[in-house]
Amino acid sequence: MSEYGGDGGALDEDLRVPACERCPALVESRSRIVDGVGPTDADLLFVGEGPGATEDEEGEPFVGRSGDVLDEALRDAGLARADVRITNCVRCRPPDNRDPTTEELVNCRGHLESEIDRLDPELIVTLGKVPSEHLLDRSVAITGESGDVVDARLAGASRRVLLSVHPAATLYDRSQRDGFFETIGRAAELSGVGDRGEGGGDGQSRLGEF
Ligand code: SF4
């Protein structure tokens, strides 16, 4: 748990990004800054790329169709969204759904590192190629490396990172669905969060519902 203590709710305000304007193009395209959600003492942290249209509209990471897939995989792993923290590499929506630029990722890095430092999670899960490459500082073949666990130095400490495809990949390519669910199940086991280790989700029960 965090060196700052375990009172996640009371500390949530501290992790809100205040009126940041470091990325001119994103300031132009965003409706709002989309902060991370979930307990600030969570042992499991999911990191995505950045807000899309629905996230920008609703002010929460991973809502809409991708969020539905993530929620379903979390439930299958015996987890609730409220058990984990979910955040992004950049907090503001890039225009036309483009990837964030290297400069934008660097601009927002401090916000992400503050969040990692505060949580001090047991496990970080990168959702997609962009956050995987950003946190590992190397190129990543995400389809092949999804499910791998590596160590990375983040926010001043060595952190365990589990790589995953983005949940949207399962919408475009249904063959990635089983692997994504297995990776989220592995995240539950490695982090010790949820009931996976106590006879919880079987990893397959909901796969046919989407
Ligand atoms: S993406 Fe991050 S660094 Fe850029 S303007 Fe938004 S909050 Fe600031």
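Please read all numbers here as calculations on a predicted model, not as lab measurements.

Along helix α6 (residues 129-136), six of the eight residues are buried, which leaves the element largely enclosed by surrounding structure. Among all positions in α6, only V130, P131, S132, H134, L135 and L136 are buried. Where α6 ends, the next residue or the one after it, D137, has phi of about 55 degrees, a positive value.

With that settled, consider the site of the ligand. In the vicinity of the ligand, the contacting residues are V17, C20, R22, C23, L26, R30, V90, R91, C92, N107, C108 and H111. Judged by the fraction of its atoms near the pocket grid, the ligand is located in the largest cavity. Top contributing element to the shell around the ligand by residue count: helix α5 (residues 102-119), with three residues. Partitioned by chemical class, the residues of the shell around the ligand number seven nonpolar, two polar and three charged.

Running from amino to carboxyl end, helix α4 (residues 64-76) crosses helix α9 (residues 177-191) at an angle of 55 degrees, the nearest separation of the two axes being 8 Å. By the angle between their axes, α4 is oblique relative to α9. Where α4 crosses over α9, the handedness of that crossing is right-handed. Every residue of α9 that contacts α4 at V69, L70, E72, A73, L74 and D76 is listed here: R177, F180, F181 and I184. Considered class by class, the residues forming the contact of α4 with α9 number seven nonpolar, no polar and three charged.

Along the chain, A53 turns up in helix α3 (residues 53-58). Separated by ten residues in sequence, A53 and V63 place their C-alpha atoms 9.6 Å apart. Sequence-distant contacts of A53, defined by excluding residues within four places in its chain, comprise R93 and N97.

If you walk through the whole model with that rule in mind, you get one cavity of 30 Å³ or more. When its volume is computed, the largest cavity comes out at roughly 110 Å³. Surrounding the largest cavity, 15 residues form its lining, C20, C23, R30, C92 and C108 being those nearest its centre. Those elements that provide at least two residues to the lining of the largest cavity are α2 (24-29) and α5. Counting residues per element, the lining of the largest cavity draws most heavily on α5, which supplies four residues. Its residues assigned to classes, the lining of the largest cavity comprises nine nonpolar, two polar and four charged.

What counts and what doesn't
- Residues numbered from 1 in each chain as written.
- Predicted model: local features only at pLDDT ≥ 70, side-chain atom pairs only at ≥ 80, totals over all residues.
- Heavy atoms only, no water.
- Buried < 20%, exposed > 50% of the residue type's maximum accessible area, 1.4 Å probe, protein only.
- Helix = DSSP H or I, 4+ residues; strand = E, 2+ residues; numbered from the N terminus.
- Near = heavy atom within 4 Å.
- 1 Å grid on protein atoms, 1.4 Å probe; cavity = no way out; pocket = protein on both sides within 12 Å on 5 of 7 lines; lining within 4 Å.
- Sits in = over half its atoms within 2 Å of the grid points.
- Nonpolar A, V, L, I, M, F, W, Y, C, P; charged D, E, K, R; others polar.
- Axes fitted to C-alpha atoms, helices over the stretch in contact; angles between N-to-C directions.
- Parallel < 35°, antiparallel > 145°, perpendicular 65-115°, else oblique.
- Left-handed = near helix turned anticlockwise from the far one by under 90°.
- Contact = heavy atoms within 4.5 Å.
- Points joined across faces, edges and corners; volume = space filled by probe spheres on them.

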